[in-house]
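The lines below spell out each chain.
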Amino acid sequence: MSRRRFYMALMACVLGVQFGLISISLPLSELFTDTPVFYYDTAYHWYEIWFAKSISHTGSWVGYDPLFSAGQVNGVNLNFSAKSAALISIMGGTHISPAMAYKLMMAGTAVGAPLALVSGAYWLSLSRRVGAVAAILAIVMWWASDFRSYTSIGMVAWSGVCFAAIPYMALSSRFLAEKSAPLTPLLGLACIAALGTFYHPGFLIVVAFGLMALAAMSIGNLNWQRVIAYTLFIPAFTFATNYFWISASVTYAPSPIEGFLPTPSLAKVDPTLPWKLMLGKNNLWPYGAKVYLLLMCCGVYALFATENSREKLVARALFGGSAALLLFGALGAAIPGLAYAQPNRYCQAGFAMQMVPASIGMVAMYREATRRTIGVRHSLRRGVSWLVASMALLAMLFCLNEVRRELSSASIGHYGAIPPEVKGVGDTTNALKNWIEANTSPAGRILFEVTAGKRLDSAQIVGYLAASTGREFIGGPYPSWAYASFEDEKLFGTPIALLPREKFLKLIELYNIAFIGAWSDKSRKYLDESPGLENMGEVGPVRFYRVNRENSYFISGSGKVAGRSPNSLTLEAIEGSEVILKYHFVKGLLAEPPVEMEPVYAGSPAPFIKLVNPPPKLRIYMGK
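If you're wondering where the values come from, they're calculated on a predicted model, not measured in any experiment.

**Student:** Mind laying out empty space enclosed by the protein, listing which residues take part and the relevant values?
**Tutor:** For the coordinates displayed, the defined rule picks out two cavities of 30 Å³ or more. Estimated volume of the largest cavity: approximately 120 Å³. Along its surface, the largest cavity is lined by 13 residues, and Met106, Ala110, Trp142, Arg148 and Glu421 are the ones closest to its centre. Mapped by element, the contributors of at least two residues to the lining of the largest cavity are α1 (3-25), α5 (98-123), α6 (128-143) and α7 (146-153). Among the residues forming the lining of the largest cavity, the class breakdown is eight nonpolar, three polar and two charged. Approximately 40 Å³ is the volume found for the second largest cavity. In this structure, the second largest cavity is lined by Pro36, Val37, Thr42, Trp46, Pro98, Ala99 and Tyr102. Of the residues in the lining of the second largest cavity, the class split is six nonpolar, one polar and no charged.

**Student:** Provide a residue-level description of unusual backbone geometry, including the pertinent values.
**Tutor:** Cis geometry is found at the peptide bond from Pro419 to Pro420, where omega equals -5°. With respect to the helices and strands, Pro420 occurs in the loop between α18 (376-406) and α19 (427-439). The backbone phi angle of Phe492 is positive, close to 50°, even though this residue is not glycine. Using a relative accessible area of 5% as the deciding quantity, one classes Phe492 as buried. The residue Asn613 is not glycine, and still its phi comes out positive at about 50°. Secondary-structure assignment places Asn613 in the loop between β15 (608-612) and β16 (618-622). Classification of Asn613 by relative accessible area gives exposed; the value is 58%.

**Student:** I'd like to hear about the side chain of Arg345, residue by residue, with values.
**Tutor:** By secondary structure assignment, the location of Arg345 is in the loop between α15 (309-331) and α16 (346-353). At 7.5 Å, Asp41 is the nearest oppositely charged side chain to Arg345, a buried residue that forms no salt bridge.

**Student:** For the nonpolar core, give the residues involved together with the corresponding values.
**Tutor:** Counting 124 residues, the largest nonpolar core has Leu126, Met141, Trp158, Phe163, Tyr230 and Val356 as the members making the most contacts within it. With sequence-adjacent residues up to four places away left out, Val356 is seen in contact with Leu117, Leu124, Leu126, Ile166, Val314 and Leu318. In terms of nonpolar packing, the next biggest core, distinct from the first, is built from 32 residues, Leu67, Phe448, Leu465 and Phe515 among them.

**Student:** Which residues make up the sheet that holds strand β10 (residues 542-547), and what values go with them?
**Tutor:** Reading across from one edge, β4-β3-β8-β10-β9 is the order of the five strands in this open sheet, with mixed pairing throughout. The open sheet terminates on both sides in strands that have one partner only, identified here as β4 (473-474) and β9 (533-539). Those strands touched by α19 are β3 (445-448), β4, β8 (513-518), β9 and β10, and its axis lies near 145° from that of β9. Along the sheet face, helix α22 (residues 521-528) touches β8, β9 and β10 and points at about 25° away from the line of β10.

**Student:** Can you tell me about the pairing of β9, naming the residues and giving the values?
**Tutor:** Bridging between β9 and β10 involves six bridges; their strand directions are antiparallel. Within the sheet, the bridge partner assigned to Gly537 lies in β10 and is Phe544. Once β9 ends, the chain turns through two residues before running back antiparallel as β10, passing Gly540 with a positive phi of about 60°.

**Student:** With reference to specific residues and values, describe the pattern of salt bridges.
**Tutor:** According to the stated counting rule, one finds 22 salt bridges in the structure shown. Of the charged contacts in the structure, one is a salt bridge between Arg543 and Asp528, with a shortest N-O distance of 2.8 Å. Here Arg543, found in strand β10, pairs with Asp528, found in helix α22; they are 15 residues apart in sequence, far enough to count as distant. Looking at Asp528, the relative accessible area reads 43%, which means it is partly exposed. Linking Lys610 and Glu578 is a salt bridge whose minimum nitrogen-to-oxygen distance equals 3.4 Å. Taken together, the residues Lys610 in strand β15 and Glu578 in strand β12 (residues 568-584) connect sequence positions 32 residues apart. Exposure remark for Lys610: the relative accessible area of 14% places this residue in the buried category. Connected via shared salt-bridge partners are Arg524, Asp528, Glu538 and Arg543.

**Student:** Describe the sheet that holds strand β5 (residues 486-487), listing the residues and the values that go with them.
**Tutor:** Ordered in space as β5-β6-β7, the three strands form an open sheet in which the pairing is antiparallel. Only two strands of the sheet have a single partner each, and these edge strands are β5 and β7 (494-495). Inspection of the sheet shows β5 paired to strand β6 (residues 490-491) by two bridges, in the antiparallel sense. Bridge pairing in β6 links Phe486 to Leu491.

**Student:** Can you explain α6? Please cite residues and give values.
**Tutor:** Residues that lie three or four places apart on an α-helix share one face, since the helix turns once every 3.6 residues. Helix length check: α6 (16 residues) gives 23 Å between terminal C-alpha atoms against 22 Å at 1.5 Å per residue, within 8%. Of all 16 residues making up α6, twelve are buried, and the element is well covered by its neighbours.

Reading the values: the criteria
- Residues numbered from 1 in each chain as written.
- Predicted model: local features only at pLDDT ≥ 70, side-chain atom pairs only at ≥ 80, totals over all residues.
- Heavy atoms only, no water.
- 1 Å grid on protein atoms, 1.4 Å probe; cavity = no way out; pocket = protein on both sides within 12 Å on 5 of 7 lines; lining within 4 Å.
- Points joined across faces, edges and corners; volume = space filled by probe spheres on them.
- Helix = DSSP H or I, 4+ residues; strand = E, 2+ residues; numbered from the N terminus.
- Nonpolar A, V, L, I, M, F, W, Y, C, P; charged D, E, K, R; others polar.
- Buried < 20%, exposed > 50% of the residue type's maximum accessible area, 1.4 Å probe, protein only.
- Lys, Arg positive; Asp, Glu negative; His and termini not counted.
- Salt bridge = Lys/Arg side-chain N within 4 Å of Asp/Glu carboxyl O.
- Core = buried A, V, L, I, M, F, W, Y, C linked by side-chain atoms within 4.5 Å.
- Contact = heavy atoms within 4.5 Å.
- Pairing = 2+ DSSP bridges.
- Axes fitted to C-alpha atoms, helices over the stretch in contact; angles between N-to-C directions.
- Expected span 1.5 Å × (residues − 1).

Pasting the structure below:
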């Protein structure tokens, strides 16, 4: 069998195995239903997909969201990693719901990731045995490492690009070494780069680390004309084709001028982080996995024991790229401004890249252990190889058992969600939704304490509550997202226990808060002792309060909010020549019929909307 046919057969086997494993975790019977996957950030992604689909008829990628933070810009600017699912739902029309689109993205990425590694081994001109080992490692990594945790909580796209970067690096390195072939493949590489960046912004960053290492190891064979063309054209084409969402993300990024910046996550500076992850002993999430140690040990073995020149070059290059990613992941947050790129996540990209050197190292162990030798020295070397290979085999068996445990529905330790993942809307979420519909009104906002932890059905459910009830919320749709927020005992950026009562009552008035929901002890204690609040009872872990005050969405002038939906705020019975709304002003706002709007600061770091000589009725929205 030719090498090409072997790899095709291998990919077919990987496809079958991975498809079978996915069907356990993500049952095929649920793939085309409207039952959502709500676990950590997946519920937030549901809201972002729902919002994008709701505004798609306008032809715009962003819109005004009156349901959160007293009005904010929403769309591709806040949807970094589920844009593809949003596009699937939009293109599918009424046939593909937001929940269905996200499940399709999950399943497609899970199937594609191991195939990407195998295809990368093929394009790197690695042997059949290396490709077969790489296939096994790819499946183990997907199910028994932080990638499983990432995909469960909503970081599906990031996990996908960590794998997809490997075949792209392989194809790029082949292109850069070609001496006489036409430049037409450059356009294909540019299109792949553009799609990868749309899928997740970190795609080309991961590629750059590995590709620079590959280029450095084969610098004498590079076609410098192609290197220059590649270096100039790929980033320019990628930026141009993704400009629509990049520009929106930059234009509507949180600004320190408005008094708030989200707290960066995955931004710990720790030189020992890669080691902790290899031992599975990191004291903060992600916690690491034992398979990482196996990869690193086998990768080191490949550096010294591999005799095949091509395999040695690839092993050294990608080991170097992996090490650079691990270094960046551990220390990158120390560079000013890079903390918001969440450098710690690049450690997992480094371990994904290490799968290639590790596969080469495992095959080298086998070759050395099975080689016929004569003499004491060679026999000793063979014995050491047998010992190392046996240890690697035992480690691999341990990791395969980890895969078995991960796919078990038993109440044992899991990296990700316990199968099956499609559990629908949680009981607490449903109870909150029903209670809010029955006991609150849209006349005022709900100040709702969100959490970065597992408190409320282990999901960021507030987006779903807003979309399903039509109520406006302060707090969410994601923790630490805006100045007007309430997260883990912190209100409007200040620990609630330290917030002066006078300021609290002014914020209640300023943001037209009619109801409050809190779950933490400190928040409840503070609210219990605050004047003008009436305890309405508890729903699950959330205690609700009614604010005894007259509700109004107007700071000056008067009127009525007749309707609110994605990219639409309808006002009626407006009176006054200068009307100030309790809704935040953002760039790009328009009104129908046209009216002069300007920002005004009225007790908040973020400006509110001022209407000059408004008509009695109008609709506020964002244009294209």
